[in-house]
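Residue-level listing of the chains:
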Amino acid sequence: IKQIARYLGKRASEALAKGKTLILLGDFNVVDPSHKTMQALLESGFEVPEAIRRPTNVDQNKFYDQIAFKTRPGFLDYLGNSHDGNKHSGSVDIFAGAFADEQRTAYQPYFDSLLKEAERKARANAKKKGRKAPKAKDPDAFYRKWRTWQLSDHRPLWVQLKANESGDYLKSLLAHKGKAPA
């Protein structure tokens, strides 16, 4: 991760020199915000908003996903440091609406056969190994697992950024005397 972070940090610096910003996002397998994977990103000059250095999986016990960027003030600004009371980054609880806990019975026909098959395989495996048959699977727990296969086991992250190039654009219009720049 250190080598990749250095490489991407160099690319981000080159992009900045050309007036562009690189934003990294994805599953970085960050174990913990203090882990060496996160430190590699930060040491390479990337900023990761403090507000999203939180667990990002559905069970909220893993920190895998990140959004990191390298920019300069006034070019692309992360709005997380404002004191207006608004939230400027976070994660989305994807199961608050779709595949919500209270919707399990509506989706029962779609995962019921998978549940029965999983239980059948567990019984056959136990019998093959001479063990006692396992207890039946908890349908609620199985539903919570099944729904991650339908959407994701990661909570999508978001950040609010301010990118304002309108002044430069208006100046370019003036330079071309009202004609659209090429």
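This text goes with the structure placed above it.
Before going into details, it helps to say that this report is about the structure given with it.

Parameters and conventions
For every chain, the first residue of its written sequence is number 1, and the numbers climb from 1 along that sequence. Totals for whole chains, interfaces and linings use all residues, but because this is a predicted model, local features are given only for residues with pLDDT of at least 70 and pairs of side-chain atoms are given and counted only at 80 or more. Only heavy atoms go into the side-chain values, all of them from the structure, while hydrogens and water stay out. A run of H or I in DSSP counts as a helix once it spans at least four residues, and a run of E counts as a strand once it spans at least two, with each numbered from the N terminus. A radius of gyration in this sense is built from C-alpha atoms; the matching globule rule multiplies 2.2 Å by the number of residues raised to 0.38. Relative accessibility decides the category of a residue: with a 1.4 Å probe and only protein chains considered, values under 20% of the type maximum give buried, values over 50% give exposed, and everything between is partly exposed. Contacts were defined at the residue level, with two residues in contact if any of their heavy atoms lie within 4.5 Å. Fitting a line to C-alpha atoms yields each axis, with helices limited to the stretch in contact; the angle taken between N-to-C directions then spans 0 to 180 degrees. Note that the term roughly parallel is reserved for angles under 35 degrees, roughly antiparallel for angles over 145, roughly perpendicular for angles of 65 to 115, and oblique for everything else. Joining through side-chain atoms within 4.5 Å is the link that ties buried Ala, Val, Leu, Ile, Met, Phe, Trp, Tyr and Cys residues into a set, and such a set is a nonpolar core.

For the rest of this paragraph, the subject is the overall build of the protein chain. Broken down by element type, the protein chain carries 5 helices and 6 strands. Counting from the amino terminus, helix and strand elements in the protein chain follow one another as α-β-α-β-β-β-α-α-β-β-α. Taken over the C-alpha trace, the protein chain has a radius of gyration of 24 Å; the compact-globule value for 182 residues is 16 Å, which it surpasses by more than 25%. With respect to the three principal axes, the spread of C-alpha positions in the protein chain is 80 × 40 × 35 Å. Within the protein chain, buried positions represent 29% of all 182 residues. Look at the contacts in the protein chain between residues 6 or more apart in sequence, and 71% of them connect residues 24 or more apart.

Now for the packing of helix α3 (residues 104-128) against helix α4 (residues 139-150). Viewed as axis vectors pointing N to C, α3 and α4 meet at an angle of 95 degrees, and their least axial separation amounts to 10 Å. One element, α3, and the other, α4, form an angle in the roughly perpendicular class. For the pair formed by α3 and α4, the contact residues are Arg 104, Tyr 107, Tyr 110, Phe 111, Leu 114, Leu 115 and Ala 118 on the first element and Pro 139, Asp 140, Phe 142, Tyr 143 and Trp 146 on the second.

Our next topic: the environment of Ser 89. Among the secondary structure elements, Ser 89 is positioned in strand β4 (residues 89-91). Distance in space between the C-alpha atoms of Ser 89 and Leu 157 is 7.5 Å, their sequence separation being 68 residues. Sequence-distant contacts of Ser 89, that is, excluding residues within four places in its chain, are made with Pro 49, Ala 51, Ile 52, Tyr 78, Trp 158 and Val 159.

Residue Asn 29 is not a glycine yet carries a positive backbone phi of 55 degrees. Summarising the element assignment, Asn 29 is placed in the loop between β1 (22-27) and α2 (36-43). Unusually for a residue other than glycine, Phe 99 sits at a positive phi of about 55 degrees. With respect to the helices and strands, Phe 99 occurs in the loop between β4 and α3. For Phe 99, a relative accessible area of 13% gives the class buried.

Moving on: the nonpolar core. If you look at the biggest cluster of nonpolar residues, it comprises 18 residues, and the most contacted ones within it are Leu 24, Leu 41, Phe 46, Ile 52 and Ile 67. Those elements that provide at least two residues to this core are α1 (2-17), α2, β2 (65-70) and β5 (157-159). Residues contacting Phe 46, with those up to four places away along its chain left out, are Ala 5, Leu 8, Gly 9, Ala 12, Leu 24, Leu 41, Ala 68, Phe 69 and Lys 70. Counting residues in each nonpolar core, the second largest holds 8 residues, with Ile 94, Phe 111, Leu 115 and Tyr 143 among its members.

Take the side chain of Thr 37 next. Along the chain, the position of Thr 37 falls in helix α2. The buried category is assigned to Thr 37, whose relative accessible area is 10%. Leaving out residues up to four positions away in the same chain, Thr 37 has contacts with Ile 1, Asn 29, Val 30 and Val 31.

Assignment of secondary structure puts Tyr 107 in helix α3. Here the alpha-carbon distance between Tyr 107 and Lys 128, two residues 21 residues apart in the chain, equals 32 Å. With near-sequence residues (within four places) excluded, Tyr 107 lies in contact with Phe 99, Tyr 143 and Trp 146.

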